[in-house]
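Residue strings, one per chain:
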Amino acid sequence: MHPPRRAALGLLPLLLLLLPPPAPGAANKPTPCQRCRGLVDKFNQGMVDTANKNFGGGNTAWEEKTLSKYEFSEIRLLEILEGLCESSDFECNQMLEAQEEHLEAWWLQLKNEYPDLFEWFCVKTLKVCCLPGTYGPDCLECQGGSQRPCSGNGHCSGDGSRQGDGSCRCHVGYQGALCADCMDGYFSSLRNETHSFCTACDESCKTCSGPTNRDCGECEVGWVLEEDACMDVDECAAETPPCSAAQFCKNVNGSYTCEECDSSCVGCTGEGPGNCKECIPGYARELGQCADVDECSLAAKACVRKNENCYNTPGSYVCVCPDGFEETEDACVPPAEAEVTEEESPTQPPAHEDL
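Definitions and cut-offs
Residues numbered from 1 in each chain as written. Predicted model: local features only at pLDDT ≥ 70, side-chain atom pairs only at ≥ 80, totals over all residues. Heavy atoms only, no water. Salt bridge = Lys/Arg side-chain N within 4 Å of Asp/Glu carboxyl O. Helix = DSSP H or I, 4+ residues; strand = E, 2+ residues; numbered from the N terminus. Buried < 20%, exposed > 50% of the residue type's maximum accessible area, 1.4 Å probe, protein only. Axes fitted to C-alpha atoms, helices over the stretch in contact; angles between N-to-C directions. Parallel < 35°, antiparallel > 145°, perpendicular 65-115°, else oblique. Left-handed = near helix turned anticlockwise from the far one by under 90°. Contact = heavy atoms within 4.5 Å. Nonpolar A, V, L, I, M, F, W, Y, C, P; charged D, E, K, R; others polar. Disulfide = S-S within 2.5 Å.

## Quick word on the pattern of salt bridges
Stage number 1. Taken as a whole and judged by the stated rule, the model has seven salt bridges.
Stage number 2. We note a salt bridge from E218 to K206, for which the minimum N-O separation is 4.0 Å. One end of the pair, E218, is in strand β10 (residues 216-219); the other, K206, is in strand β9 (residues 205-208), and 12 residues separate them in sequence.
Stage number 3. On the accessibility criterion, E218 (40% relative accessible area) is partly exposed.
Stage number 4. By relative accessible area, K206 is classed as partly exposed at 36%.
Stage number 5. Overlapping salt bridges, with partners in common, bring together R305, E308 and E327 in one network.

Okay, here's the thing in structure tokens:
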């Protein structure tokens with residue numbers, strides 16, 4: 001019994017090898033090796049999923065004696081193949097159809113000799129991948145060898161694929177062709193013939209030989225050497241302050257920040273209204289900090305027109321006539337008084353010409 005999908009043997013490697021390379025900007029387009037590895041991963045998962053199954057006819061012993069063991073049967077292979085691709089996954093189904101006879105040959109004839117399907121299928125047969133630690137068309141060893149490429153401290157360009165140039169892209173803290181040397185800001189905490197480990201220096205060091213601020217070879221910017229140790233420079237204590245008049249300086253390790261003064265301050269030495277150098281108009285120092293002056297509660301009236309209401313605001317006040325009162329230049333006139341005033345206003349007689 002054979003699975004239903006078939007493909008010409010001459011087309012077997014073509015689908016993966018002849019597919020055009022990813023177009024510029026085509027995000028996450030899988031490479032031929034990634035497609036092959038994905039198919040193998042699904043096949044291996046299918047083997048796991050069918051590991052405890054049988055022919056399902058009810059008489060397992062007779063079936064396995066007569067039809068051969070389910071474990072190695074084409075029926076199990078068919079079940080694995082049918083579960084590899086979703087019906088909507090065009091690329092997976094196309095690749096499976098092209099490579100099905102290879103998978104069948106491995107399953108029926110080569111599985112014992114080549115137990116690693118990925119190595120046999122993707123590396124040796126289709127030649128779209130390399131083993132870990134090797135790269136390029138000929139699967140050459142990465143820099144530093146295939147067992148520990150880049151000394152274990154970086155990534156080999158093209159590792160595991162038929163691409164790349166085998167050069168090392170070092171992890172943070174490492175440098176050199178084999179990623180065995182430490183960058184500035186790191187020191188060698190362990191190094192032997194096979195391993196190299198770099199550890200971060202103290203934050204005060206640009207270069208160092210150990211983990212403390214006394215092991216610095218050179219101090220970082222914002223630090224200065226004092227008594228054989230790199231110490232933080234307090235920029236805020238400089239003779240010329242580094243911040244503007246409306247800001248205060250806050251020292252941090254290796255640097256400083258400029259923070260805005262409280263809105264009630266004219267200049268300040270720190271955060272909040274208690275650190276003002278002077279108070280802005282409308283504020284006065286009270287209990288050690290700049291507080292709003294309530295002009296409406298002062299002995300000298302802020303609003304001088306008759307019947308006028310005073311309302312305090314932050315740093316100032318407003319004078320407003322009550323609702324319904326008429327506003328004049330020197331008073332807020334109640335409605336009744338305003339009407340009487342209008343009635344008592346004399347009417348000027350018309351002018352007469354002399355005859």
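Back to the write-up after that little detour.
## Points about the packing of helix α2 (residues 32-49) against helix α6 (residues 117-125)
Stage number 1. Relative orientation of the contacting elements α2 and α6 amounts to 155 degrees, with a least axis distance of 10 Å. Accordingly, the angle class assigned to the pair α2 and α6 is roughly antiparallel. Considering the relative orientation of α2 and α6, their crossing is right-handed. On α6, the residues that touch C36, R37, L39, V40, F43 and N44 of α2 are L117, F118, F121 and C122.
Stage number 2. Residues that form the contact of α2 with α6 fall into these classes: eight nonpolar, one polar and one charged.

## Some words on the state of the cysteines
Stage number 1. This structure, assessed with the given rule, holds 19 disulfides.
Stage number 2. Put simply, C130 and C139 are joined by a disulfide, and their sulfur atoms are 2.1 Å apart. Its S-S torsion of approximately -90 degrees makes the covalent link between C130 and C139 left-handed.
Stage number 3. Of the residues examined, C139 reaches a relative accessible area of 22% and is grouped as partly exposed.
Stage number 4. Between C205 and C216 runs a disulfide, and the two sulfur atoms are separated by 1.8 Å. Judged by the sign of its S-S torsion, about -65 degrees, the bond between C205 and C216 is left-handed. Taken as a pair, C205 in strand β9 and C216 in strand β10 lie far apart in primary sequence, 11 residues in all.
Stage number 5. Since its relative accessible area comes to 18%, C216 is described here as buried.

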